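Descriptive structure summary
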Amino acid sequence: MTTAPTARHRAVGSAHTRVEGREKVTGAARYAAEIPFTGLAHGWLVLSTVARGRIRAVDTEPVLAMPGVLTVLHHGNAPRVETDYPGLLGTKPDPTTAVFQHDRVPHQGWPVALVVAGTPEQAREAADALVVHYEGEPHDVVFTADHPRARPTGGFGPAVTEKGDLEAELAASAAVVDAEYTTAEEHHSPMEPHAATARWENGRLELVDSNQGTVWVAGELASLFSLDPSAVRVRSEHVGGGFGSKGVRAHQVAAVMAATVLQRPVRVAMTRRQMFSLAGYRSPTAQRIRLGADADGRLRALEHRSLSLTSTVHEFNESASAPSRVMYDADAHHTVNSVVSLDVGSPTWMRAPGEAPGSFALESAFDELAEKLGVDPVDLRLRNEPERGPASGLPFAHRNLSACLREGARRFGWADRDPRPRVRREGRWLLGTGMAAASFPAGAGPSTAAVTAEADGTFTVRINAADIGTGARTALTLVAADALEVTPDRVRVRIGDSDFGPAMIAGGSMGTRSWSWAINLAAAELRERLTPGGTVPPEGITVRSDTTAALGALAQKERHSYGAQFAEVAVDPATGEVRVRRMLGVFAAGRIVNPLTARGQLTGGMIWGISMALHEEAVRDRATGGHYGADLAAYHVAAHADVPAVEAHWVDDHDPDDPVGIKGIGEVGIVGAAAAVANAVWHATGVRHRHLPIRPDRVLLAGAPDA
């Protein structure tokens with residue numbers, strides 16, 4: 001039969017519903033905790049109740065006598081694991097994954113035991129009954145901007161960047177902003193909690209999991225348990241949200257330990273409350289911004305100092321000065337990222353790590369500078385467009401922020417805005433508008449893909465991608481269809497299996513770009529091998545690609561997605577209530593593969609920005625080291641009633657030097673969103689809020705300037 005495509009089809013850029021949509025809405029799509037296994041046992045994690053100390057004893061005998069209990073694993077009997085190996089990005093893994101290896105307790109919620117039983121109910125009842133004796137020690141969980149143990153640290157960039165004489169340029173400036181901003185601790189709560197099932201089959205370890213990269217998880221498990229990489233397989237077909245938290249966590253390692261001891265499949269799932277201790281979170285930040293500008297608004301000085309917290313066992317830096325290293329240049333340009341180690345769990349990546357809290361401080365400070373200068377906030381940003389990366393010195397590949405600012409202002413009706421604060425009213429409500437700019441890196445990671453021409457005229461793509469709810473499976477179907485010059489219904493994309501080979505994780509807004517690159521290379525070679533009128537053998541014809549060399553040949557430039565967010569809020573000065581009435585984002589994010597799912601990603605990011613600005617705040621109890629209300633009853637997120645008309649649009653954004661043309665959209669939507677809301681609250685009330693979230697009590701305590 002004829003298999004070579006003869007006509008050009010363009011699927012990329014047109015709206016397509018999810019290829020797995022029917023399975024998801026009918027319940028046929030099974031998530032990690034739903035897949036059945038013969039002889040399945042269930043593990044329940046027991047977490048420490050002290051914030052620092054040692055385990056003196058674990059009373060296992062009464063629990064082992066309870067109905068259905070199979071074993072209790074703890075530091076005295078658990079399998080030993082290897083911890084001295086390079087993890088993801090060459091850094092050492094979070095020691096939280098090396099569970100039950102010692103009697104030390106570094107924070108409340110540290111895993112101290114795993115109870116395994118025949119049913120989840122039996123495991124939970126037994127875990128609740130397990131008595132663990134501790135020797136407590138003094139702890140420190142209080143995060144302050146002036147903490148004496150704070151230290152500069154690099155993280156995912158240098159700890160310090162600096163050029164020019166900061167103090168001299170500030171002294172010579174016509175207007176100066178010097179302000180401190182704080183953001184709250186935020187927690188991961190994806191719709192699908194973390195869950196994993198481990199089993200051994202024919203000498204090979206298999207993990208069915210909910211994660212953001214099966215090769216990542218498989219590699220870490222192989223290193224931890226000293227296994228050959230080929231002896232580990234990780235599958236993760238459907239994932240109900242990730243946002244940075246679904247990497248290697250304690251529950252996966254505990255499941256493997258229990259499956260090894262019992263020689264039967266074992267499933268471990270986190271509860272929503274356990275996720276506050278085990279799933280990672282966004283560190284709170286304390287940031288100081290100093291800006292100095294000429295009377296015409298040109299920046300002379302920019303300083304951005306950020307402090308975040310980390311645990312005592314693993315360093316993670318929320319690099320909040322990152323936006324300042326890209327967005328605006330100045331004659332004197334200084335940035336610093338610092339951390340302080342406390343007796344708390346390890347923070348981790350969360351949607352736009354660094355950029356989300358950093359942009360709140362930077363873009364709020366820019367709004368304050370615009371007010372002092374009497375310059376329109378949009379115009380001030382346009383006047384400070386840099387020609388090269390302020391910190392890196394690299395040229396920009398294609399910086400299209402100006403188009404976002406201008407198109408966003410046009411669509412929002414910014415020109416009709418009265419810049420004076422506290423002048424618009426509607427009944428009891430004070431109305432205000434605000435805006436902010438955004439950027440997020442557009443990177444790519446080495447990836448492999450295999451594309452097979454089947455004998456029936458269809459094509460199968462195998463790539464170790466992860467669809468964490470973003471619509472990646474659908475986007476890759478469209479990319480493959482165009483690369484093969486066929487219609488999408490002739491393409492089947494299989495993802496989420498470490499046996500498919502190495503590929504970029506779903507993180508850093510790099511997934512679709514990285515995977516599409518690999519698919520394009522494989523598809524191009526396959527098309528060359530398919531002869532017009534030729535036949536395909538029953539086993540098909542398969543071509544495999546690897547983008548490592550292509551990535552290495554890419555010129556070093558500053559590559560980013562950009563955006564501009566605009567918000568209108570209403571504030572009740574009598575109750576302190578803040579309502580976002582409408583929000584608009586305009587983005588420059590390269591080729592938009594699927595407008596339907598892309599718009600959902602961008603609006604979802606902005607909604608999270610609303611939640612960050614007004615609601616999300618985890619509070620620790622100084623006495624116990626734990627959280628107050630570690631659940632979704634006490635930890636508030638933006639609900640449907642909090643979400644107004646949110647619109648996302650994009651401008652043409654083509655980089656002629658980019659062979660893929662796709663940039664990330666998963667994270668740029670949240671960057672700038674919280675600042676836009678905060679700036680709108682200032683415009684409504686005349687009071688600047690530099691501390692998130694902007695709770696009603698803070699609005700009331702701040703009061704309002706004299707009318």
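Just so we're clear, the structure is a prediction, and the values are computed from it rather than from any experiment.

1. Concerning the overall build of the chain
Scanning the chain for helices and strands turns up 16 helices and 27 strands. Scaling as 2.2 N^0.38, a compact globule of 707 residues should have a C-alpha radius of gyration of about 27 Å, and the chain matches this with 26 Å. C-alpha extents for the chain along the principal axes are approximately 75 × 75 × 50 Å. Counting only residues that meet the buried cut, the chain has 60% of its 707 residues in that class. Taking contacts inside the chain between residues at least 6 apart in sequence as the whole, the part at least 24 apart equals 82%. As displayed, the chain offers around 26600 Å² of accessible surface, 51% of which is attributable to carbon and sulfur atoms. Averaging the locations of the 71 positively and 82 negatively charged side chains of the chain gives two centres separated by 2 Å.

2. A few points about the nonpolar core
By size, the foremost hydrophobic cluster in this structure holds 85 residues, and its most contacted members are F100, L114, L221, M257, I463, W515 and L526. With 9 residues, helix 11 (residues 472-484) is the largest single contributor of residues to this core. I463 has contacts with T448, A449, L476, R494, I495, G496, F500, A503, W515, A518 and I519, leaving out every residue within four places of it along the chain. Counting residues in hydrophobic clusters, the runner-up holds 82 residues, among them L291, W414, A567 and L614.

3. Structural notes on helix 6 (residues 250-262)
In an α-helix, one turn spans 3.6 residues, which is why side chains three or four residues apart end up on the same side. The end-to-end C-alpha distance of helix 6 is 18 Å, a good match for the 18 Å that 13 residues give at a rise of 1.5 Å each. Counted residue by residue, helix 6 has 10 buried out of 13 residues, so it is predominantly covered. Positive backbone phi, at 55 degrees, marks Q263, one or two positions downstream of helix 6.

4. Comments concerning the environment of D329
Within the secondary structure layout, D329 lies in the loop between strand 17 (299-310) and strand 18 (332-341). By relative accessible area, which is 25% here, D329 ends up partly exposed. In this structure, the C-alpha to C-alpha distance between D329 and P386, residues 57 residues apart in sequence, is 5.7 Å. Those residues in contact with D329 that sit more than four places away from it in its chain are K163, L299, P386 and P390. Within the structure, D329 has its side chain in polar contact with the side chain of K163 (distance 2.9 Å).

5. Concerning the side chain of T474
With respect to the helices and strands, the residue T474 is situated in helix 11. Filtering out sequence-adjacent residues up to four positions away, T474 remains in contact with H16, T17, R18, V19, E20 and N594.

6. A closer look at the pairing of strand 26 (residues 578-588)
Most of strand 26 is tucked away: 8 of the 11 residues are buried. The sheet contact formed by strand 25 (residues 560-571) and strand 26 spans 10 bridges and is antiparallel. Within strand 26, the position partnered with V569 by the bridge is V580. Here strand 25 folds back onto strand 26, and the loop between the two strands holds 6 residues, one of which, G576, carries a positive phi near 80 degrees. Sheet analysis places strand 26 next to strand 27 (residues 645-650), joined by 6 bridges and oriented parallel. Directly across from G585, in strand 27, lies its bridge partner A648. As for the winding sense of the linkage, the β-α-β connection from strand 26 through helix 14 (residues 595-614) to strand 27 is right-handed.

7. Some details on the pairing of strand 20 (residues 429-441)
The buried fraction of strand 20 amounts to 12 of the 13 residues, a majority that puts the element mostly inside the structure. Here strand 20 runs beside strand 25; their pairing, made up of 12 bridges, is antiparallel. Residue pairing across strands places L430 opposite V571, the latter belonging to strand 25.

Parameters at a glance
- Residues numbered from 1 in each chain as written.
- Predicted model: local features only at pLDDT ≥ 70, side-chain atom pairs only at ≥ 80, totals over all residues.
- Heavy atoms only, no water.
- Helix = DSSP H or I, 4+ residues; strand = E, 2+ residues; numbered from the N terminus.
- Rg over C-alpha atoms; globule rule 2.2 N^0.38 Å.
- Buried < 20%, exposed > 50% of the residue type's maximum accessible area, 1.4 Å probe, protein only.
- Contact = heavy atoms within 4.5 Å.
- Areas by Shrake-Rupley, 256 points an atom, 1.4 Å probe, with all protein chains shown as cover.
- Lys, Arg positive; Asp, Glu negative; His and termini not counted.
- Charge placed at Lys NZ, Arg CZ, Asp CG, Glu CD.
- Core = buried A, V, L, I, M, F, W, Y, C linked by side-chain atoms within 4.5 Å.
- Expected span 1.5 Å × (residues − 1).
- Polar contact = N/O pair within 3.5 Å; in protein donor to acceptor, adjacent residues only side chain to side chain.
- Pairing = 2+ DSSP bridges.
- Right-handed = clockwise from strand over helix to strand, strands pointing away.

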